[in-house]
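Observations on the model geometry
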Amino acid sequence: MLKIQHWFEFFAKNSCLHILHGLKKPHPQREQAICKAFWANWQKLHPDHGVFKEAAEGTLCLDRAIPILLHGDEGRGRKHGAHFVMSFHSIFGKGFANQKKTCKVWAKMQNNFAGHTYSNRFMLVSLRKRDYTDMNSDTWPSLMTAVAEDGGFMWKTGVANTQGVRYWGIVVAMTGDWPFLHKSGSFTRSFNTIQKRLRINRAPAGICHLCRSGQPDVPFEQLETRRPSWIPTQFTQDPFAEPSPFTEHLLHEEGKEAAFWTYDWFHTMHLGVIRNFVGSAIAMLTELEPYGNKDERFSAFTRKYRSWCHTHSRRAYCTKITKESIGWEVNSKFPSAQWHKGGLSTVMMEYIESVFRSQTFPDDELLTMTAEACFAVQDLSRILYRSPMWLNPELCKLCSELGFKFLRRYGQLATCSKRMGRCLFVLQPKVHLLQHFMVDLHAAHQKNVMGLNCLATSCQPSEDFIGRPSRLARRVTAQAPVLHRIMDRYLQSAYAHFIRLRYLVRTGG
Ligand SMILES: [Zn+2]
């Protein structure tokens, strides 16, 4: 395990704390302005967060308290075994890779997407599945405690640079896919505690660690309102199966401990809601093809998709879209994209949008609503991927309106399909997470404060990061001490990126 403390000491000693501020070069005044501006916005959203009490008592200084995020996930290691990687990164970054670099704001706060992940994600832990399961199952809770204590040290003590100036790291959130949030938080309520049968023996526990959604009196499927009945149930019921070391050691908002585990936009959308939506949209679009045979209709759809990708210089990500690609072997199954490539969801949505922009279907209620849902969610996505870390109240309003519109249409599509006896637009728990994002943005607008971009805490780049050490694990032979060698190889690689970016300068040529 590498500690956050050691990373910070390394940055401080080598004058590259600016990496954690999203800057290209060191600039202490600007770095402090960035942290100060961040906490001013954060305070309006979370006035009772422990960091403000500590700042008032003089434990730490907000101008030099860097907000950081933890991320954990399982990648594929040697012999296809799972390989767990945990890392941390700053919330500040260099924006998005394809964004024009026009931000001239002094206290600029950009999302942490651009750049090689070895230069903006920092490994803490790398383990093979067998290192923390079965005989070694004690490792997992010890590991979580060790990471939490490390985070605790970072806000209590922090590290000093060569001039004796102290910096603190404030872990503001745990990020990852839903299974990881569930596991790292030891929650009693999560996606896998959903009610699946019509008749139930025991009341369902609910699906969400933040609210009581999915319990008998609180449906998670109320998509057609911006005031679903779960809103007042947020933080009213403890979701922890056992006390969490993260709650014990890290700063949080009193009474809202569960909020530390934040949902991720990438998993919610690209690998969730959008896959469900795209599945149904593709199913309906293939039905417009003039062939009697289902496979032929999918071939015709694929030809159009691939030719569109070619003319619009998009990577197609697949050679063939089949009924199996959307899990629609029979019409009595709900279609949903089966792929695990977020990129394919993105390009497919662009294609579907272009179809709906060039063609209307006034006689088809389902297709008309699908088009409206598509436009709303595409507009929302474009705004988020072009915006900085904070959205002003007007933009929060616009984004939440677009998200609510998508949810409304999705709910109507589900109802309408059911009425028509068609299995389309499946309702899965992830749609609830999208509603959480939108309710939060709407609340920021109503309070007239800056709202946090849904992408500020996104795992999208971290997914690339965990893939890398996992691939390293595949290449390193199984002889002991294998974990040390994976870590060594990772550090050598990260070092090369630090040199390339001139974060580190080697003396003597
Ligand atoms: Zn919820």
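First, a word on what this report is: a plain description of the structure on this page. In this text, all values refer to a predicted model and were calculated from it rather than measured experimentally.

Those protein atoms acting as donors to the zinc ion are Cys-208 (SG), Cys-211 (SG), His-432 (NE2) and His-436 (NE2), and they sit at 2.0 to 2.3 Å. If you look at the zinc ion, its four donor atoms make angles of 98 to 121 degrees with each other, and the shape they trace is tetrahedral. Here the donor residues of the zinc ion are spaced in sequence according to C-x2-C-x220-H-x3-H. Highlighted residues: Cys-211 in the loop between helix H5 (178-185) and helix H6 (245-249) and His-436 in helix H12 (residues 430-447), separated in sequence by 225 residues. As far as the burial class goes, Cys-211 and His-436 line up, both buried.

Applying the stated criterion to the full structure yields 17 salt bridges. With a shortest N-O distance of 2.9 Å, Arg-357 and Glu-353 are connected by a salt bridge. With a gap of four residues between them, Arg-357 and Glu-353 both fall in helix H9 (residues 342-358), about one helical turn apart. On the accessibility criterion, Arg-357 (49% relative accessible area) is partly exposed. Notably, a salt bridge pairs Glu-353 with Arg-382, separated by 2.8 Å at the nearest N-O pair. Taken together, the residues Glu-353 in helix H9 and Arg-382 in helix H10 (residues 365-386) connect sequence positions 29 residues apart.

Quick look at the layout of surface pockets now. Volume-wise, the second largest pocket comes out at about 1100 Å³. Surrounding the second largest pocket, 43 residues form its lining, His-46, Gln-234, Phe-235, Ala-259 and Asp-440 being those nearest its centre. Counting only elements with at least two residues in the lining of the second largest pocket, the list comes to helix H2 (28-45), strand E5 (166-175), H12 and strand E7 (451-452). Considering each element in turn, the lining of the second largest pocket owes the most residues, 10 residues, to H12. Each residue belonging to the lining of the second largest pocket can be placed in one class, and the counts come to 23 nonpolar, 11 polar and nine charged.

To continue, consider the nonpolar core. Trp-39, Phe-88, Trp-265 and Tyr-490 are the most contacted members of the largest nonpolar core, which totals 162 residues. It is H10 that contributes the most residues to this core, 12 residues altogether. Leave out the neighbours within four places in its chain, and Trp-265 touches His-270, Leu-380, Leu-384, Tyr-385, Leu-434, Phe-437, Met-438, Cys-454 and Leu-455.

Thresholds, definitions, all that
Residues numbered from 1 in each chain as written. Predicted model: local features only at pLDDT ≥ 70, side-chain atom pairs only at ≥ 80, totals over all residues. Heavy atoms only, no water. Donors = N, O, S within 2.8 Å, 3.2 Å for Na, K, Ca; no water. Tetrahedral: all angles 85-135°; square planar, octahedral: opposite > 155°, others 65-115°. Helix = DSSP H or I, 4+ residues; strand = E, 2+ residues; numbered from the N terminus. Buried < 20%, exposed > 50% of the residue type's maximum accessible area, 1.4 Å probe, protein only. Salt bridge = Lys/Arg side-chain N within 4 Å of Asp/Glu carboxyl O. 1 Å grid on protein atoms, 1.4 Å probe; cavity = no way out; pocket = protein on both sides within 12 Å on 5 of 7 lines; lining within 4 Å. Points joined across faces, edges and corners; volume = space filled by probe spheres on them. Nonpolar A, V, L, I, M, F, W, Y, C, P; charged D, E, K, R; others polar. Core = buried A, V, L, I, M, F, W, Y, C linked by side-chain atoms within 4.5 Å. Contact = heavy atoms within 4.5 Å.

Honestly, that's just the spatial picture; any functional story needs more than this.
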